[in-house]
Amino acid sequence: MTLTQPRAGERLVAGLATSDGAGVKLTRVLTNTLQRRLDPFLMLDAFGSDQADDYIAGFPDHPHRGFETISYMLEGRMRHRDSAGNEGLIEGGGVQWMTAGRGVIHSELPEQQQGRMEGFQLWLNLPAKDKLRDPWYRDIASAEIPEFEQDGVKVRVIAGESHGVKGAVQREHTEPLYLDLHLAPGASFEQLLPETHNAFVYVYRGALRFETGCTVPPQRMAILANTPGSDGVRLVAGDEPTRAILIAGKPLNEPIAQYGPFVMNTQAELMQAVRDFQTGKLA
Ligand code: FE
């Protein structure tokens, strides 16, 4: 495959150091201010620490409504329990995909006392017509995530499709692409992307550059320009082994109203979500 017009990097984002849950330290890479620009994605948190104090408190019972959460664990073990009766363990290289729909109350708690915990949580919006659908969830063990290798690049296809390899999850309305890329020094990787899909790359080891020049250092997100006439992106690793997640999706172009863990289209729907939660009718 050779792209005729690769996208450029539009800008770099460092994210915001914060804590969430019962005091888990993390970096909010995709913050509220980028929700419109990166529609259909609402949030990306990156976490990574060898210090138990940074993660041990976890995320005790909390609600969600109106979107999907995708947790990707690079290292460590996290136990999930929810109000729909689901329970599972995500560990090294595994993914948990949860569609909150009309409502889920769940906990996400570390199942380790020490050692490294590292990974990402991505929030993907649902179209208005699906915001109150039934909840759904799936644990995807590392071995179940489709992978391929070419020219010094290992590609893990969590969602969408890359070079003819279909990912573990497909979604009709938002068409999410979620790739974890492991590149040897100097290796390059091409991915087809419709020009209207919003896309970003987050580098978590090493460094990447766009063929068009801009360099993405570690712990940075680069938003990809929606260059008119473009057909994808070409990424080139620097002098070190490099790892990055590449995420893209089809924008919903619908109003976004958020109040904490509820993401709906209007204020009235948010107030309803809060009332339903307070009266025990959310889940
Ligand atoms: Fe949650």
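Definitions and limits used
- Residues numbered from 1 in each chain as written.
- Predicted model: local features only at pLDDT ≥ 70, side-chain atom pairs only at ≥ 80, totals over all residues.
- Heavy atoms only, no water.
- Donors = N, O, S within 2.8 Å, 3.2 Å for Na, K, Ca; no water.
- Tetrahedral: all angles 85-135°; square planar, octahedral: opposite > 155°, others 65-115°.
- Buried < 20%, exposed > 50% of the residue type's maximum accessible area, 1.4 Å probe, protein only.
- 1 Å grid on protein atoms, 1.4 Å probe; cavity = no way out; pocket = protein on both sides within 12 Å on 5 of 7 lines; lining within 4 Å.
- Points joined across faces, edges and corners; volume = space filled by probe spheres on them.
- Helix = DSSP H or I, 4+ residues; strand = E, 2+ residues; numbered from the N terminus.
- Pairing = 2+ DSSP bridges.
- Salt bridge = Lys/Arg side-chain N within 4 Å of Asp/Glu carboxyl O.
- Phe/Tyr/Trp six-rings, centres within 6.5 Å; stacked < 30°, edge-to-face > 60°.

Novice: Teacher, can you tell me more about the coordination of the iron ion here?
Specialist: Ideal donor angles around a metal are set by the shape: a four-donor tetrahedron calls for 109.5 degrees, a six-donor octahedron for 90 or 180 degrees. Those protein atoms acting as donors to the iron ion are H62 (NE2), H64 (NE2), H106 (NE2) and E108 (OE), and they sit at 2.1 to 2.6 Å. Around the iron ion, the 4 donor atoms are arranged such that angles at the metal cover 81 to 176 degrees; this shape is classified as irregular. Along the chain, the residues donating to the iron ion are arranged with the sequence spacing H-x1-H-x41-H-x1-E. Grouping residues by exposure puts H106 and E108 together as buried.

Novice: Would you explain the layout of surface pockets in this entry?
Specialist: In this approach the atoms are scanned with a rolling probe the size of a water molecule, which exposes any empty space left behind. Approximately 360 Å³ is the volume found for the largest pocket. As for the largest pocket, its lining consists of 25 residues, and the residues nearest its centre are D20, F59, E108, Q121 and W123. At the level of elements, β3 (24–30), β4 (41–49), β5 (59–64), β6 (67–75), β7 (77–82) and β11 (117–125) are the ones that each hand at least two residues to the lining of the largest pocket. The element best represented in the lining of the largest pocket is β4, accounting for 4 residues.

Novice: Just checking my understanding: could you explain the pairing of strand β13 (residues 147–150) for this structure?
Specialist: Bridge count between β13 and strand β14 (residues 153–159): 4 bridges; the pairing is antiparallel. Across the sheet, E147 pairs through a bridge with R156, a residue of β14. In this antiparallel pair of consecutive strands, β13 and β14, the connection spans 2 residues, and D151 shows a positive phi of 50 degrees.

Novice: Help me understand the pattern of salt bridges in this model?
Specialist: Side chains that differ in sign of charge can pair as their charged atoms come close. A complete count under the given rule lists 23 salt bridges for this structure. Across the pair K166 and E161 runs a salt bridge whose closest N-O atoms are separated by 3.1 Å. In this structure K166 comes out as exposed when scored by relative accessible area, which is 52%. Overlapping salt bridges, with partners in common, bring together R77, R79, R81, E87, E91 and E111 in one network.

Novice: Where do I start with the packing of aromatic side chains in this structure?
Specialist: The description of an aromatic ring pair rests on the distance of the ring centres and on the angle between the ring planes. Across all of its chains, the model carries 6 aromatic pairs by this definition. For the pair F41 and F200, a centre-to-centre distance of 5.7 Å together with 85 degrees between the ring planes defines the contact as edge-to-face. Residue F41 is found in strand β4, and its partner F200 is found in strand β19 (residues 198–205); the two are separated by 159 residues along the sequence. Using a relative accessible area of 1% as the deciding quantity, one classes F41 as buried.

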